[in-house]
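As a plain string of letters, each chain reads:
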Amino acid sequence: MTILFVITGLLLLVSFIANQQKTLDGLKKGAMQFLKLLPTLLTVIILVSVALFFTPEKMLLKYFGDQAGVLGYVMAALVGSISLIPGFISYPLAGMLLESGVSYGILALFITTLKMVGTLTIPVEAKYFGMKVTLIRNGLSLLGAIVIGVLMAIIFALT
């Protein structure tokens with residue numbers, strides 16, 4: 001992680017030397033976007049933390065842990081497919097779930113379905129692309145997500 005900070009700092013310095021005004025404008029714009037995003041991010045992190053606090057770890061592991069088996073994958077695919085959670089919230093959520101004992105395979109399936117399968121957005125997508133294309137895309141995305149989840153489980157089982 002330190003190397004990323006060093007590279008970022010060096011690139012920021014190069015940008016500042018090349019064009020001070022554009023660099024300062026970019027930093028201001030980035031800071032404003034971060035400040036706009038911060039309340040939502042903090043709210044979701046707090047809500048997820050509270051939910052995880054009140055959710056017994058045994059129950060979480062029963063449905064999403066290594067012992068959940070196929071049920072864990074089904075639950076992750078279902079929850080991921082019907083949720084509308086932006087990436088900047090889903091990744092910290094996945095980190096919290098990982099710390100609670102949820103397996104990498106299930107997390108991979110959850111995140112992949114969250115980003116690729118849009119059950120709630122089917123009506124809008126069908127309006128623009130047609131129902132056939134929408135269902136094929138969502139079906140293939142779900143299949144791809146299952147493959148990714150299983151591959152992640154296999155890879156992390158080998159390590």
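Before reading on, note that the structure itself is shown above.
Computed from a prediction, not measured in an experiment: that's the story for all the values here. Within each chain, residue numbers correspond to sequence positions counted from 1 in written order. Only residues with pLDDT of at least 70 are given local features in this predicted model, and only at 80 or more are side-chain atom pairs given and counted; all residues enter the totals for whole chains, interfaces and linings. No hydrogens and no water enter the side-chain calculation; it runs on all heavy atoms of the structure.

*Asks:* Sorry, what's going on with the environment of leucine 12 here?
*Replies:* Here leucine 12 lies in helix α1 (residues 2-18). For every residue, the accessible area obtained with a 1.4 Å probe (protein chains only) is divided by the maximum for its type, and the residue is called buried under 20%, exposed over 50%, and partly exposed between those limits. Residue classification places leucine 12 among the partly exposed positions, given a relative accessible area of 37%. Sequence separation between leucine 12 and leucine 27 is 15 residues, and the spatial gap between their C-alpha atoms is 9.5 Å. Contacts are assigned to residue pairs with any non-hydrogen atoms lying within 4.5 Å of each other. Setting aside its immediate chain neighbours within four residues, leucine 12 contacts Thr23 and Leu27. Runs of E in the DSSP output that reach at least two residues are strands. Runs of H or I that reach at least four are helices, and both are numbered from the N terminus.

*Asks:* What is the right way to look at the packing of aromatic side chains in this model?
*Replies:* Centre-to-centre distance and the angle between the planes together describe a pair of aromatic rings. A pair of Phe, Tyr and Trp rings is counted when the ring centres sit within 6.5 Å of each other, with Trp represented by its six-membered ring. The angle between the planes then sorts it: under 30 degrees is stacked, over 60 is edge-to-face, the rest tilted. The final tally for this structure, using the stated rule, is one aromatic pair. With a centroid separation of 3.9 Å and 10° between ring planes, the pair formed by tyrosine 104 and phenylalanine 156 is classed as stacked. Here the residue tyrosine 104 occupies a position in helix α6 (residues 104-116), and phenylalanine 156 occupies one in helix α8 (residues 131-158), the gap between them amounting to 52 residues. Assessed through its relative accessible area of 34%, phenylalanine 156 is described here as partly exposed.

*Asks:* Honestly, α6 in this entry has me stumped. Any pointers?
*Replies:* Within an α-helix, residues lying three or four positions from one another point in the same direction, as the helix has 3.6 residues per turn. The length a helix should cover is 1.5 Å for every residue beyond the first. Given a rise of 1.5 Å per residue, 13 residues ought to cover 18 Å, and the 18 Å separating the end C-alpha atoms of α6 matches this to within 8%. Where α6 is buried, its residues meet α3 (57-64), α4 (70-82), α5 (87-99) and α8.

*Asks:* I keep staring at the nonpolar core and nothing clicks. Help me out?
*Replies:* In summary, soluble globular proteins display a tendency toward joint burial of nonpolar side chains. Residues Phe64, Ala76, Leu97, Val102 and Phe110 are the most contacted members of the largest nonpolar core, which totals 15 residues. Within the residue set of this core, elements represented by two or more residues are α3, α4, α5 and α6. Considering each element in turn, this core owes the most residues, six residues, to α6. Ignoring anything within four residues of it in the chain, the contact list for phenylalanine 64 reads Gly72, Met75, Ala76, Val102, Ser103 and Ile106. Here the nonpolar core consists of buried residues drawn from Ala, Val, Leu, Ile, Met, Phe, Trp, Tyr and Cys, with membership extended through side-chain atoms lying within 4.5 Å.

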